[in-house]
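An overview of the molecular structure
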Amino acid sequence: MQQSWISYFSNLVKAHGGINLAQGIPGFQPPTSLLECLKNRSYDPVHQYAPGLGNQRLRDHIAKEYEHTITDDFKFMITLGGTEAIQLLYLYLHHKLKGLKAAAFSPVYESYQHLPRIYSDEFRALPIESDNLNDKLSTFFQTYNPDVFFVNSPGNPYGKTLNQSQFDHLLELCNKHTCYLIIDAVYDNFYFGNKKPYYPLDKMSEQVFYVNSFSKRFSITGWRLGYFYAHNSHFDAISDIHDYTGLSCPSILQESLADFLDTDDAPQAYINRTRDLLKSNFQASIKQLKQHGFKIPETHGGYFIWAKLPEQISDSIAFSKQLYADKKTAIIPGSHFGANYHAYVRINIAHEQKKLSSGIRNLCSQLS
């Protein structure tokens with residue numbers, strides 16, 4: 001199968017209907033006031049190319065968010081979602097290093113392992129659930145010596161975060177071994193505890209890139225608005241690549257988002273509501289799943305439940321296919337995120353409660 005399992009199961013729902021707990025898209029409408037901003041901008045002269053680095057008013061909002069953490073040694077660019085940012089950074093590093101060795105924690109978000117495949121680079125993963133993770137990281141760097149390490153925290157598919165000790169240790173190893181660290185923080189606002197995830201933004205060096213996005217934050221994945229920070233020493237070369245690959249992001253969408261961010265309370269209120277709903281969805285869903293034999297590892301945030309199937313089921317691909325055939329409910333088999341995860345599935349919980357509850361009931365009843 002050439003396409004990803006995410007595309008496969010999502011396309012089934014799009015073509016034949018059902019409940020899509022597969023693709024990592026929010027089942028929520030964007031903020032009403034954001035849609036009003038888009039409507040109001042539609043007849044303005046904002047339909048031509050935007051500046052390559054991004055709309056200045058939107059850039060001002062991003063700069064303000066990080067003014068007390070990321071130093072002036074770094075510049076940022078608005079990109080076509082976090083995905084383009086990651087691809088752009090990888091393309092730059094691939095050519096800078098004349099090929100490279102990439103690494104990430106497993107289970108692995110798909111872009112981290114498939115970009116190396118596309119560019120014929122080597123890739124290895126370290127299980128994030130490893131005991132004594134800092135020691136395992138040290139050994140991993142000594143034996144494999146990666147050139148670039150991806151980390152998303154909270155993760156996708158497994159919403160685990162690195163604590164301060166672990167993140168700082170990873171940063172120290174990257175600096176010591178001249179390995180570039182790409183921090184993917186697109187789920188930073190969606191944490192299940194009381195504290196926002198830790199990122200070593202005040203300790204960033206020339207070896208570190210930081211990626212984030214508005215896509216999940218405001219349920220606008222189709223708008224494709226992300227951004228990245230890179231050290232000044234890299235920025236001109238990355239901008240040169242961007243000029244001939246992405247060029248710019250949709251101008252009207254940047255203008256509309258900047259208008260929305262100019263409002264006082266609506267952006268944060270929407271984020272808070274979404275975070276509370278995700279936490280509630282997670283707790284209610286895992287309660288049902290555990291009652292039917294699923295095992296759920298400790299999870300700190302994000303859009304997903306990463307679940308081990310009941311003991312009697314060992315093939316997540318066959319189970320996921322049969323689930324859709326019988327119940328018109330789509331999930332993602334765990335083997336999509338690594339060969340060792342054939343007994344796991346990923347379930348998107350970013351839906352209104354009624355729809356998610358129906359999907360979880362279908363999933364549990366499939367075991368009967």
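Here goes a summary of the coordinates provided. (Residues numbered from 1 in each chain as written. Predicted model: local features only at pLDDT ≥ 70, side-chain atom pairs only at ≥ 80, totals over all residues. Heavy atoms only, no water.)

1. Some remarks on the sheet that holds strand β3 (residues 101–106)
By definition, the strands of a sheet pair up through backbone hydrogen bonds, in either a parallel or an antiparallel sense. Spatial strand order, β2-β8-β7-β6-β5-β3-β4: seven strands in an open sheet with mixed pairing. Across the chains shown, the open sheet's two edge strands, defined by having one partner strand only, are β2 (74–79) and β4 (122–127). Between one strand axis and the next, the sheet turns through 20° on average, direction left out of account. By the bridge criterion, six bridges tie β2 to strand β8 (residues 226–231) in an arrangement that is antiparallel. The residue of β8 that forms the bridge with Lys75 is Ala230. Sheet strands touched by helix α3 (residues 56–65): β2 and β8. Its angle to β2, the strand with the most contacts, is close to 135°. (Pairing = 2+ DSSP bridges. Helix = DSSP H or I, 4+ residues; strand = E, 2+ residues; numbered from the N terminus. Axes fitted to C-alpha atoms, helices over the stretch in contact; angles between N-to-C directions. Contact = heavy atoms within 4.5 Å.)

2. Regarding the pairing of strand β5 (residues 148–152)
In terms of burial, β5 is largely enclosed, as five of its five residues are buried. Side chains of β5 alternate between two faces, with Val148, Phe150 and Asn152 and Phe149 and Val151 buried alike. Pairing of β3 with β5 involves three bridges; the strand directions are parallel. Following the sheet pairing, Ala103 is matched in β5 by Phe149. Where β5 lies against strand β6 (residues 180–184), five bridges are found, and the strand directions are parallel. Within β6, the residue paired with Val148 across the bridge is Tyr180. In this region the chain leaves β5, passes through helix α7 (residues 164–176) and returns to the parallel neighbour β6; the handedness of that crossover is right-handed. (Buried < 20%, exposed > 50% of the residue type's maximum accessible area, 1.4 Å probe, protein only. Right-handed = clockwise from strand over helix to strand, strands pointing away.)

3. Observations concerning the environment of Ala339
Relative to the helices and strands, Ala339 is located in the loop between β11 (332–333) and β12 (344–348). Along the backbone, Ala339 and Pro107 are 232 residues apart, and their C-alpha atoms lie at a distance of 9.2 Å.

4. Some points on the packing of helix α4 (residues 81–96) against helix α8 (residues 232–243)
At a minimum axis distance of 10 Å, the contact between α4 and α8 shows a crossing angle of 110°. It follows that α4 is roughly perpendicular to α8 by the angle criterion. Both α4 and α8 take part in a crossing whose hand is right-handed. Contact residues: α4 offers Glu84, Leu88, Leu89, Leu91, Tyr92 and Lys96, while α8 offers His234, Ala237, Ile238, Ile241 and His242. Grouping the amino acids of the contact of α4 with α8 by side-chain chemistry returns seven nonpolar, two polar and two charged. (Parallel < 35°, antiparallel > 145°, perpendicular 65-115°, else oblique. Left-handed = near helix turned anticlockwise from the far one by under 90°. Nonpolar A, V, L, I, M, F, W, Y, C, P; charged D, E, K, R; others polar.)

5. A closer look at the packing of aromatic side chains
According to the stated counting rule, one finds 34 aromatic pairs in the structure shown. When the centroid spacing of 5.8 Å and the interplanar angle of 35° are considered together, the rings of Trp5 and Phe9 count as tilted. Taken together, the residues Trp5 and Phe9, both in helix α1 (residues 5–16) and four residues apart, mark about one turn of the helix. We note that Trp5, like Phe9, is buried. (Phe/Tyr/Trp six-rings, centres within 6.5 Å; stacked < 30°, edge-to-face > 60°.)

6. As for the state of the cysteines
Applying the stated rule across the entire model yields zero disulfides. No disulfide involves Cys174; its sulfur sits 4.0 Å from that of Cys179, the nearest cysteine. Note on Cys174: relative accessible area 0%, which makes it buried. For Cys179, a relative accessible area of 0% gives the class buried. (Disulfide = S-S within 2.5 Å.)

7. Details of the side chain of Ser320
As for its position among the elements, Ser320 is in helix α11 (residues 316–327). Since its relative accessible area comes to 0%, Ser320 is described here as buried. Every residue in contact with Ser320, bar those within four places of it in the chain, is listed here: Phe9, Ile331, Ile332, Pro333 and Val345.

8. Considerations on the sheet that holds β12
Taking strand neighbours across the sheet as the criterion, the three strands line up as β9-β12-β11 in an open arrangement whose pairing is antiparallel. The sheet is open, and its two borders are formed by β9 (304–308) and β11, each paired with just one other strand. Relative to β12, β11 is paired through two bridges, and the arrangement is antiparallel. Paired with Pro333 across the strands is Val345, a residue of β12.

9. Considering the nonpolar core
Judged by nonpolar contacts, the single largest core of 97 residues is most densely connected at Phe105, Phe149, Leu170, Leu181, Tyr210, Phe214 and Phe218. Among the elements that make up this core, the one with the highest residue count is helix α10 (residues 266–291) (seven residues). Apart from residues lying up to four places away in sequence, Tyr210 is in contact with Tyr66, Ile70, Ile183, Ala185, Asp188, Leu201, Met204, Tyr227, Phe228 and Tyr229. Residues Met77, Ile86, Leu100 and Phe228 belong to the second largest nonpolar core, which totals 27 residues. (Core = buried A, V, L, I, M, F, W, Y, C linked by side-chain atoms within 4.5 Å.)

10. Focus: the pattern of salt bridges
Inspection of the entire model under this criterion finds 13 salt bridges. With its nearest N and O atoms 3.1 Å apart, the salt bridge here joins Glu255 to Arg57. Placement of the pair is Glu255 in helix α9 (residues 251–262) and Arg57 in helix α3, with a sequence separation of 198 residues. For Arg57, a relative accessible area of 28% gives the class partly exposed. Of the charged contacts, one joins Asp262 and Arg57 as a salt bridge, the two residues approaching to 2.8 Å between their closest N and O atoms. With Asp262 in helix α9 and Arg57 in helix α3, this residue pair connects regions lying 205 residues apart in the sequence. Salt bridges here are not isolated pairs; linked through shared partners, they connect Arg41, Asp44, Arg57, Glu255, Asp259 and Asp262. (Salt bridge = Lys/Arg side-chain N within 4 Å of Asp/Glu carboxyl O.)

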